[in-house]
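# Notes for the structure review
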Amino acid sequence: MNENSCLTSVTFENYRAFKSKSTIRINKLTLLFGYNNAGKSALIRMLPFLADSFKNKKTSEYTKSYMDYTSSSLRGALFEDIRHKSARKIRFGLKWSDDLGISFSIQQNGMEPEYLSELILSKGAIVNKYEMSLDSKDSFENIQDDSDVIILKSFNEISDGELKTNIINYSESIHWVSSTRVHPPREFEIGIGVKIGVNPDGSRVGETIWHLAENKSASFDDINNWLSKTCNRHFEFKSSSSSVTSAGRRKVKLETVANEEFEMNSAPVNIPILDSGEGIAQALPVVTICAMAANGELGKCPIVVIEQPELHLHPKAIVVLANYIVECTEKNVNARILVETHSESFLLALQTAIIDRKLKLNDFSCYWVGRENNESHIQKVEFDSEGYIIGNWPQSVFRETVNQSKELLNKRKKMVL
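Residues numbered from 1 in each chain as written. Predicted model: local features only at pLDDT ≥ 70, side-chain atom pairs only at ≥ 80, totals over all residues. Heavy atoms only, no water.

## Re the environment of Cys-328
Selection criterion: Labels follow the DSSP assignment, with helices taken as runs of H or I lasting at least four residues and strands as runs of E lasting at least two, numbered in each case from the N terminus. The criterion used for residue contact is that any of the two residues' heavy atoms lie within 4.5 Å.
Counting through the fold element by element, Cys-328 comes out in helix H7 (residues 315–331). Through-space distance from the C-alpha of Cys-328 to that of Val-287 is 9.5 Å; in sequence the pair is 41 residues apart. Dropping the residues within four chain positions of it, Cys-328 is found in contact with Cys-290, Ala-291, Ala-294 and Ile-337.

## Comments concerning the packing of aromatic side chains
The criterion, for reference: Stacked, edge-to-face and tilted labels apply to pairs of Phe, Tyr and Trp rings (six-membered ring for Trp) whose centres lie within 6.5 Å, assigned for plane angles under 30 degrees, over 60, and everything in between, in that order. A simple rule labels every residue: compare its accessible area, found with a 1.4 Å probe on the protein chains alone, to the largest value its type can have, and call it buried under 20%, exposed over 50%, or partly exposed in between. Only lysine NZ and arginine CZ atoms are considered, and such an atom sits over a ring when it is within 6 Å of the ring centre and within 35 degrees of the ring normal.
For the structure shown, the criterion picks out 18 aromatic pairs. Centroid distance Phe-104 to Phe-155: 4.5 Å. Interplanar angle 40°. Geometry classified as tilted. One end of the pair, Phe-104, is in strand E5 (residues 100–107); the other, Phe-155, is in the loop between strand E9 (145–151) and helix H3 (161–173), and 51 residues separate them in sequence. For the pair Phe-104 and Phe-155, one class covers both residues: buried. Ring-pair connections join several aromatic residues into one group, and the members of that group are Phe-12, Tyr-15, Phe-18, Phe-49, Phe-54, Tyr-66, Tyr-69, Phe-92, Phe-104, Phe-155 and Tyr-170. Over the ring of Tyr-66 we find Lys-64; its NZ or CZ atom is 3.8 Å from the centre of that ring. The ring of Tyr-367 has Lys-380 lying over it, and the distance from NZ or CZ to the ring centre is 5.9 Å.

## A few points about the pattern of salt bridges
Counted only if it meets this: Salt bridge criterion: a side-chain nitrogen from Lys or Arg within 4 Å of a carboxyl oxygen from Asp or Glu.
Going through the model one piece at a time under the given rule, you end up with 15 salt bridges. A salt bridge links Arg-83 to Glu-80, with the nearest nitrogen and oxygen atoms 2.5 Å apart. Between Glu-327 and Lys-229 there is a salt bridge; the shortest N-O distance is 3.9 Å. With Glu-327 in helix H7 and Lys-229 in helix H5 (residues 218–231), this residue pair connects regions lying 98 residues apart in the sequence. One salt-bridge network, in which partners are shared between bridges, spans Glu-13, Arg-91 and Glu-118.

## Regarding the layout of surface pockets
Threshold: Grid points spaced at 1 Å over the protein atoms alone were grouped into cavities, where a 1.4 Å probe fits but cannot get out, and pockets, open sets with protein on both sides within 12 Å along at least five of seven lines, with lining residues defined by an atom within 4 Å of a point. Grid points are joined across faces, edges and corners, and a volume is the space filled by probe spheres set on the points. Gly counts as polar in this scheme, as do all residues outside two lists: the nonpolar Ala, Val, Leu, Ile, Met, Phe, Trp, Tyr, Cys and Pro, and the charged Asp, Glu, Lys and Arg.
Approximately 370 Å³ is the volume attributed to the second largest pocket. Around the second largest pocket, the lining comprises 15 residues; the ones closest to its centre are Asp-52, Lys-55, Ser-171, Ile-174 and Pro-200. For the lining of the second largest pocket, the secondary-structure elements that each account for two or more residues are helix H1 (40–54), H3 and strand E10 (174–177). Counted by class, the lining of the second largest pocket contains 7 nonpolar, 4 polar and 4 charged residues.

## Focus on the pairing of strand E1 (residues 7–13)
Heads up, the condition is: Pairing between two strands is assigned when DSSP locates at least 2 bridges connecting them.
With 5 of 7 residues buried, E1 is to be regarded as a mostly interior element. Relative to strand E4 (residues 89–96), E1 is paired through 6 bridges, and the arrangement is antiparallel. Counterpart to Thr-11 in the pairing with E4 is Gly-93.

## Examining the packing of helix H4 (residues 205–214) against helix H6 (residues 278–294)
Just so we agree on the cut-off: Note on geometry: axes are lines fitted to C-alpha atoms, helical ones only across the stretch in contact, with angles between N-to-C directions running from 0 to 180 degrees. An angle below 35 degrees is read as roughly parallel, one above 145 as roughly antiparallel, one from 65 to 115 as roughly perpendicular, and any other as oblique. By convention, the crossing between two helices is left-handed when the near helix turns anticlockwise from the far helix through less than a right angle, and right-handed when the turn is clockwise.
At their nearest, the axes of H4 and H6 sit 10 Å apart, and the two run at 40° to each other. With respect to each other, H4 and H6 are oriented oblique. Relative to H6, the crossing made by H4 is left-handed. From H4, Val-205, Thr-208, Ile-209 and Leu-212 reach across to H6, where they touch Leu-284, Pro-285, Thr-288 and Met-292. Class assignment of the residues belonging to the contact of H4 with H6 gives a composition of 6 nonpolar, 2 polar and no charged.

And the structure:
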């Protein structure tokens, strides 16, 4: 049983606006690029949706389902909302580095319970296809071997021990940072009953950073290195920055101080991270989770899923963040980081990293997500060793600034005339 098996690909069909069967290779760094309303967010949120669906459900449901429609990644969507309108079923498939895989099709009609209309379990070249038994919707028969029957009420109950381990590990490996993030607190409580771990909306980032500092984690140093490069400041938790509450907990201020070379021989001024700029505040959860993944603090094969890491950042700061993410992928060979963006600066930073040999082509996957005739599609984008894009990239991308400059120039000419 291989507990270090990492996810290598995700396949989907009839999911949201994606009708055709498509596969995303999960690399050390995977980039989803495209215009607004193309389907990037739907793809990035598919991973936490599948992870939530693979978890052991501890609550009963009014209508039984294999998928978790309470997942925050769906934002209230149900089967009918995520099913392509021209299809009756949705297909998902996952493969791992130990050559194990699972593929399944789900269907649901009205108030009827959801069911699996197809189930495929693979181990290397051995592929077993199952279909739902006529006797029970939880019973599946091997179409090539009538004696091979499995009972599957939920994905984490699968009988194959190795595959079950992969499914359970995957359900615990996804760390998602949403595009809708709350601002960091000015102060937070620590003590008994206080949870750590950054939520998808960025909450609990203060508690998590304090925990890393208290445990002298390398992740805390990485966070401070990013902060120093971005705004010449760093976190520094001292006894003077906390106070005891009546509940027996301590309140801690989430503040930064200037680096020594920028203090101008005066006493350091503590500034709440919240007042250091909206971009820095929004990037902090991204930086924290990536650091923890890089330093092995999120499990053996963590998958960090990030929506728009560049929110509110200046292009110069975007480059710093992109370089930081590349450095995180170098530190942990088992970590996987997926990024959804439409930032030209972010992409240019990755192209530069390719030239500098900091980002290897074999460790990087990039997909263009497009939309045409109300259908979304993905195309693999290839790069050469000099960082040039060599295929599947629309020519019109990034020409908006050039077109605006031309329009401005023409209007000025008309004013002169």
